[in-house]
Amino acid sequence: MTKTVYVRGADDIDEAHFAANVAAARKYGAVVVGLITDEAFWRSGRAPRLDFEARRRIVDRIEGVAQILSQNDYDGLATLRRLQPDYCLCDLNADTGADAGRLLALAGEWAGQLITLEGVRGDPEPRQVLDFEFGVTPSMRLRQLRRLLAHSGFVRALEVHSPLCGAIVEKAEVQRQGRSMGFDAMWSSSLTDSTVRGKPDIEVVDHSARLAGLNELFDVTSKPLLYDADTGGLAEHFGYTVRSLERLGVSAVVIEDKAGLKRNSLLGGDSRQTRESIDDFSYKIAAGKAAQTTRDFAVIARIESFILNAGLEDALERAKAYVEAGADGVLIHSRASDPDEIFAFCDRFRKVDASSALVVVPTSYGDVYESELRARGVNVVIYANHLLRASYPAMLRAAQTILEHGRCREADAHCMPMEEVFRLAPGPERR
Ligand code: SPV
Ligand code: MG
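Residues numbered from 1 in each chain as written. Chains lettered and ligands numbered in written order. Predicted model: local features only at pLDDT ≥ 70, side-chain atom pairs only at ≥ 80, totals over all residues. Heavy atoms only, no water.

**With respect to the coordination of the magnesium ion (ligand 2)**
We count it as follows: Coordinating donors are taken to be N, O and S atoms lying within 2.8 Å of the metal, or within 3.2 Å when the metal is Na, K or Ca; because water is excluded from the atom set, some sites may appear incomplete. Where helices and strands are cited, they refer to DSSP runs of H or I of at least four residues and of E of at least two residues respectively, numbered from the N terminus. For every residue, the accessible area obtained with a 1.4 Å probe (protein chains only) is divided by the maximum for its type, and the residue is called buried under 20%, exposed over 50%, and partly exposed between those limits.
For the magnesium ion (ligand 2), every protein donor is listed as Ser190 (OG) and Asp228 (OD), and the spread of their distances is 2.1 to 2.2 Å. Of this pair, Ser190 sits in helix 8 (residues 190–195) while Asp228 sits in strand 10 (residues 225–228); the two residues are 38 residues apart in sequence, bridging distant segments of the chain. Taken as a pair, Ser190 and Asp228 share a single burial class, namely buried.

**Side note on the packing of helix 9 (residues 207–219) against helix 10 (residues 235–248)**
For the record, the criterion: Axis geometry follows a simple rule: fit a line to the C-alpha atoms, using only the stretch in contact for helices, then measure angles between N-to-C directions, giving values from 0 to 180 degrees. To sort the angles, those under 35 degrees are grouped as roughly parallel, those over 145 as roughly antiparallel, those from 65 to 115 as roughly perpendicular, and the leftovers as oblique. Note on definitions: a residue-residue contact is assigned when non-hydrogen atoms from the two residues lie within 4.5 Å. Only Asp, Glu, Lys and Arg are considered charged, only Ala, Val, Leu, Ile, Met, Phe, Trp, Tyr, Cys and Pro nonpolar, and every remaining residue, Gly among them, polar.
Relative orientation of the contacting elements helix 9 and helix 10 amounts to 10 degrees, with a least axis distance of 11 Å. Between helix 9 and helix 10, the angle falls in the class roughly parallel. In this structure, helix 9 contributes His207, Leu211, Leu214, Asn215 and Phe218 to the contact, and helix 10 contributes Thr241, Ser244, Leu245 and Leu248. Split into classes, the residues belonging to the contact of helix 9 with helix 10 amount to 5 nonpolar, 4 polar and no charged.

**Side note on the site of ligand 1**
To keep things clear, this is the line we draw: The rule for a residue being near a molecule or strand is that one of its heavy atoms must lie within 4 Å of it. Any pair of N or O atoms that falls within 3.5 Å is considered a polar contact. Within protein, one atom must be able to donate a hydrogen and the other to accept it, and sequence-neighbouring residues count only if both atoms are side-chain atoms. Computed by Shrake-Rupley with a 1.4 Å probe, the accessible areas treat only the displayed protein chains as cover when residues are assessed. A cavity here means a set of 1 Å grid points, computed over protein atoms only, where a 1.4 Å probe fits but cannot escape. A pocket is an open set with protein on both sides within 12 Å along at least 5 of 7 lines, and lining residues have an atom within 4 Å of a point. Whether a molecule lies in a cavity or pocket depends on its atoms, and more than half of them have to be within 2 Å of the grid points.
With respect to spatial proximity, the complete set of residues near ligand 1 consists of Trp187, Ser189, Ser190, Leu191, Asp228, Asn264, Ser265, Leu266, Arg302, His333 and Ala384. Ser190 has a polar side-chain atom sitting 3.1 Å from an oxygen atom of ligand 1. Considering ligand 1 on its own, with 280 Å² of exposed area, one finds that the protein chains cover 100% of that surface. Its atoms largely coinciding with the cavity grid, ligand 1 occupies the largest cavity. The residue inventory of the shell around ligand 1, partitioned by class, reads 4 nonpolar, 5 polar and 2 charged.

**Brief notes about empty space enclosed by the protein**
What counts is decided by this rule: Grid points are joined across faces, edges and corners, and a volume is the space filled by probe spheres set on the points.
Applying the stated criterion to the full structure yields 3 cavities of 30 Å³ or more. Of the volumes computed, that of the largest cavity is approximately 170 Å³. Lining the largest cavity are 17 residues, and of these Leu191, Asn264, Arg302, His333 and Ala384 sit closest to its centre. Class assignment of the residues belonging to the lining of the largest cavity gives a composition of 6 nonpolar, 6 polar and 5 charged.

**Observations concerning the sheet that holds strand 9 (residues 185–188)**
The test is simple: Here a strand pair is declared whenever DSSP counts at least two bridges between the two strands.
Sheet architecture is closed into a barrel: 8 strands sit in the order 6-9-10-11-14-15-16-17, paired in parallel fashion. When the angles between neighbouring strand axes are averaged without regard to direction, this sheet yields 25 degrees. One ladder, built from 5 bridges, connects strand 11 (residues 252–256) with strand 14 (residues 298–303); its direction is parallel. Across the sheet, the residue bridging to Ile255 is Ala301, located in strand 14.

**What to know about the environment of Arg272**
With respect to the secondary-structure elements, Arg272 resides in the loop between strand 12 (258–259) and strand 13 (274–275). Its relative accessible area of 67% is what places Arg272 among the exposed residues.

**A closer look at helix 12 (residues 311–324)**
Rules: Each residue after the first adds 1.5 Å to the expected span of a helix.
Between its terminal C-alpha atoms helix 12 stretches 20 Å, which fits the 20 Å expected from 14 residues at 1.5 Å a residue. Inspection of helix 12 places Asp314, Ala315, Leu316, Arg318, Ala319, Ala321 and Tyr322 among the buried residues, and these make up the whole buried set. Tucked into the core, helix 12 has its buried residues touching strand 13, helix 11 (278–291), strand 14, strand 15 (329–332) and helix 13 (340–352). Backbone geometry just after helix 12 places Gly326 at a positive phi near 120 degrees.

**Details of the state of the cysteines**
Cut-off, in case you're wondering: Note on terminology: disulfide denotes any pair of cysteine sulfur atoms within 2.5 Å.
Scanning the model with the defined rule gives 0 disulfides in all. Left unpaired, Cys415 is separated from the closest cysteine sulfur, that of Cys408, by 8.8 Å. Among the residues examined, Cys415 registers a relative accessible area of 39% and is labelled partly exposed.

**Observations concerning the packing of aromatic side chains**
Formally: Here a pair means two rings of Phe, Tyr or Trp (six-membered ring of Trp) with centres within 6.5 Å. Their orientation is stacked below 30 degrees between planes, edge-to-face above 60, and tilted elsewhere. Sitting over a ring, as applied to charges here, requires NZ of Lys or CZ of Arg to be within 6 Å of the ring centre and within 35 degrees of the ring normal.
A full pass over the atoms with the stated rule returns 5 aromatic pairs. Aromatic side chains Phe41 and Tyr74 sit 5.5 Å apart centroid to centroid with 70 degrees between the ring planes, which places their arrangement in the edge-to-face category. Here Phe41 is found in helix 2 (residues 38–43), whereas its partner Tyr74 is found in the loop between strand 3 (65–71) and helix 4 (77–83), with 33 residues between them in sequence. Just as Phe41 is buried, Tyr74 falls in that class too. Between the aromatic rings of Phe345 and Phe349, the centroid separation amounts to 5.5 Å while the plane-to-plane angle is 15 degrees, which identifies the pairing as stacked. Here the residue Phe345 and the residue Phe349 both occupy positions in helix 13, the gap between them amounting to 4 residues, near one helical turn. The two residues Phe345 and Phe349 agree in class, both being buried. Looking at Arg141, its charged tip hangs above the ring of Phe218, at a distance of 3.8 Å from the centre.

**A few points about the side chain of Asp201**
Structurally, Asp201 can be placed in the loop between helix 8 and helix 9. Here the side chain of Asp201 touches Ser190 through a polar contact of 2.8 Å, side chain to side chain. A distance of 2.8 Å separates a polar atom in the side chain of Asp201 from a polar atom in the side chain of Asn264. If we skip the residues at most four places from it in the chain, Asp201 touches Ser190, Leu191, Ser194, Asp230, Lys262, Arg263 and Asn264.

**Thoughts on the side chain of Glu276**
Examined against the element boundaries, Glu276 turns out to sit in the loop between strand 13 and helix 11. A polar side-chain atom of Glu276 sits 3.2 Å from a polar atom in the side chain of Lys284.

**Some points on the pattern of salt bridges**
Heads up, the rule is: Any Lys or Arg side-chain nitrogen located within 4 Å of an Asp or Glu carboxyl oxygen qualifies as a salt bridge.
In this structure the tally under the stated criterion is 24 salt bridges. Notably, a salt bridge pairs Lys262 with Asp201, separated by 2.8 Å at the nearest N-O pair. Of this pair, Lys262 sits in the loop between strand 12 and strand 13 while Asp201 sits in the loop between helix 8 and helix 9; the two residues are 61 residues apart in sequence, bridging distant segments of the chain. Across the pair, exposure class does not vary: Lys262 and Asp201 are buried alike. For Lys320, the salt bridge is made with Glu324, and the minimal N-O distance between the two is 3.2 Å. Here Lys320 pairs with Glu324, and both are found in helix 12, just 4 residues apart, close to one helical turn. According to the relative accessible area criterion, Lys320 is exposed, its value standing at 54%. Overall, Glu324 belongs to the exposed group, its relative accessible area being 60%. A network of salt bridges, in which partner residues are shared, links Glu256, Lys258, Arg302 and Glu304.

This is the structure we're talking about:
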């Protein structure tokens with residue numbers, strides 16, 4: 001009897017890569033591709049870059065595929081249990097170490113065998129490469145955020161200030177409670193974009209400089225991006241910023257209702273921040289919405305009432321006005337060390353507005369769990385500065401170690417091996 005080989009049709013169906021997998025698999029038997037349905041993607045909190053039909057068409061034209069199954073579970077474990085193939089192909093370049101380990105255990109359940117593309121049976125360490133070969137057009141990227149919000153209702157975003165950070169958002173994945181967890185989106189932070197340039201977060205780094213950085217970031221990533229545009233500048237200028245962001249493929253812009261010299265919201269002490277009037281800020285929101293050319297782009301209005309001690313009623317009044325002016329959602333910010341005022345806002349806001357996006361940045365109240373925020377109707381949680389804050393102490397420690405020893409050997413202990421650096425961006429094989 002012909003043996004069967006299961007191949008998982010994962011997120012980024014890159015035709016050449018997938019065809020190579022199928023070619024390797026078909027040496028063992030008839031290739032059955034478990035093609036993950038869009039619903040299974042959404043349930044796992046991810047967005048497929050192509051919808052099911054588009055992915056099916058790609059797989060369909062690959063030579064050697066005997067059957068395509070609609071796979072309704074993201075990791076494929078239930079499908080494998082049902083199918084009980086003779087072989088299961090595990091792509092160590094694409095599947096995580098945890099995937100590999102679980103597939104191996106599962107294959108043992110019915111004496112199936114795991115084939116790994118590197119010929120290493122069950123090697124738990126996947127290669128962490130930035131093997132981003134799947135092109136994403138600006139419009140594909142732009143609409144991802146709305147699709148994610150519509151289907152899964154919750155987006156987890158992490159700050160990026162370089163293409164390398166983007167690659168971390170793209171690839172970082174852990175297993176939590178039996179599910180693989182990753183980031184859905186990137187946050188382009190004014191704070192970290194300024195700090196990496198050694199400048200304060202006062203709108204002194206202009207959008208042209210930041211947008212040039214986004215271009216490079218988008219070269220090596222596929223996930224959607226929310227852009228922190230500070231105050232958005234003059235209403236007359238904001239429309240131009242919206243157009244530039246849309247052209248690049250940014251999914252949403254966030255503007256905050258501060259006026260004058262903008263200071264970072266988490267800056268303690270008397271930062272003498274003033275606010276835009278509700279009318280003026282609403283006018284700016286409307287100007288941005290009028291300028292956008294796609295239906296998918298979103299303008300999020302950030303409310304600074306708690307930052308300026310103006311209270312809950314003020315925050316709610318502003319939220320209502322901003323949504324009426326056309327904002328697709330609101331970001332409610334706080335620098336309290338507990339989430340009480342955020343919870344109070346969410347509860348009241350969701351009573352009167354069930355559909356606008358609700359965004360939070362829990363830097364100062366970091367004890368809060370995503371599940372608690374979700375339960376209060378939050379749709380987007382932004383981890384706004386963590387890659388910058390993690391990297392600087394590590395760089396400083398390496399620099400100090402060199403100074404302390406008068407040589408660099410000891411710094412190796414704080415640094416990744418050179419081979420891993422090369423593996424991050426391996427480049428093409430020489431012909
Ligand atoms: C940023 O990341 O630049 C933000 C969020 O605006 S915060 O720093 O908390 O104000
Ligand atoms: Mg900012």
